[in-house]
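Next come the chains, spelled out residue by residue.
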Amino acid sequence: MDAAAHPSRPAPVGMPMRAAQGDRRSKDGGGTRDGAATITKPQTRSKRPSLYRVLLLNDDYTPMEFVVLVLQEVFNKTREDAMRIMLLVHNQGVGECGVYPFEVAETKVTRVMDAARKNQHPLQCVMEKQ
């Protein structure tokens, strides 16, 4: 008995599947010759993550030089940018250090607060959704 003629046996190696199983078409006349249809995934658009502003708040006790050092170490600011932000904090009461995704902003706030606590300064750093 021929293996291609028996329905429970696979087609022999090298023999095309359609030769063993016959020519199939979908009932509506479309599709492919072997009955397979192309499945397309719906396009999903990834949403951009929410961004958060990291802000330093002014106080009357934290030394300006400490604020500049924090801006340089935590936020990778140049000395000039750190001085400019520190003066904004000093004169306006608040200064923006940068805009980051949630996890990055949260980490930077934690690093600033830990440095301030370690050096016994009341410097406050917060984040707000942009």
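Can you walk me through the nonpolar core in this structure?
Generally speaking, soluble globular proteins have nonpolar side chains that are buried together. Formed by 23 residues in total, the largest nonpolar core has its most connected members in V54, L56, L71, F75, V112, L123 and C125. Those elements that provide at least two residues to this core are β1 (51-57), α2 (64-75), α3 (79-92), β2 (94-101) and α4 (102-118). Ranked by residue count, the leading element in this core is α2, at seven residues. Setting aside chain neighbours within four positions, we find F75 in contact with V54, V70, C97, Y100, K108 and V112.

Is there a simple way to think about the pattern of salt bridges in this case?
Pairing of side chains with opposite charge becomes possible as their charged atoms draw close. One pass over the structure, following the stated rule, counts four salt bridges. Notably, a salt bridge pairs E128 with R53, separated by 2.7 Å at the nearest N-O pair. Separated by 75 residues along the polypeptide, E128 in strand β3 (residues 124-129) and R53 in strand β1 bring together distant segments of the chain. Residue R79 pairs with E65 through a salt bridge whose shortest N-O separation is 2.9 Å. Of this pair, R79 sits in helix α3 while E65 sits in helix α2, placing them 14 residues apart in sequence. Accessibility expressed as a relative area gives 36% for R79, which makes it partly exposed. Judged by relative accessible area, which is 38%, E65 ranks as partly exposed. One salt-bridge network, held together by shared partners, links R53, E96 and E128.

Please explain the environment of E73 as it appears in this structure.
Tracing the backbone shows E73 in helix α2. In the structure, E73 is positioned 39 residues away from V112 in sequence and 9.4 Å away in space, judged by C-alpha atoms.

When you look at the sheet that holds β1 in this model, what are you seeing that I'm missing?
Sheet strands associate in pairs through backbone hydrogen bonding, adopting either a parallel or an antiparallel arrangement. Read across the open sheet, the three strands follow the order β2-β1-β3; overall the sheet is antiparallel. Either end of the sheet is taken by a strand with one partner, and the two such strands are β2 and β3. On average, each strand axis in the sheet is tilted by 25° relative to the strand beside it, whichever way the strands run. Of the pairings in the sheet, the one linking β1 to β2 comprises seven bridges and is antiparallel in character. Looking at the pairing, V54 lines up with G98 of β2.

Can you walk me through α4 in this structure?
Each turn of an α-helix holds 3.6 residues, which means side chains three or four residues apart point in the same direction. Across its 17 residues, α4 extends 24 Å between first and last C-alpha, which sits within 8% of the 24 Å expected from 1.5 Å per residue. Among the residues of α4, A105, K108, V109, V112, M113 and A116 are the ones counted as buried. Down the axis, α4 shows its buried residues gathered within 130° of arc, on one side only. Looking at α4, the residues exposed on the side facing more than 90 degrees away from the buried face are E103, R117 and K118. Those residues of α4 that are buried lie in contact with β1, α2, β2 and β3.

Before we go on, may I ask you to explain the environment of L56 in this structure?
Within the secondary structure, L56 sits in strand β1. Remark: the alpha-carbon pair of L56 and V126, spanning 70 residues in sequence, is separated by 6.6 Å. Excluding residues within four positions of it along the chain, L56 makes contact with V67, L71, V89, G93, V94, G95, C97, V112, L123, Q124 and C125.

Rules used throughout
- Residues numbered from 1 in each chain as written.
- Predicted model: local features only at pLDDT ≥ 70, side-chain atom pairs only at ≥ 80, totals over all residues.
- Heavy atoms only, no water.
- Core = buried A, V, L, I, M, F, W, Y, C linked by side-chain atoms within 4.5 Å.
- Buried < 20%, exposed > 50% of the residue type's maximum accessible area, 1.4 Å probe, protein only.
- Helix = DSSP H or I, 4+ residues; strand = E, 2+ residues; numbered from the N terminus.
- Contact = heavy atoms within 4.5 Å.
- Salt bridge = Lys/Arg side-chain N within 4 Å of Asp/Glu carboxyl O.
- Pairing = 2+ DSSP bridges.
- Axes fitted to C-alpha atoms, helices over the stretch in contact; angles between N-to-C directions.
- Expected span 1.5 Å × (residues − 1).
- Arc of directions from axis to C-beta.

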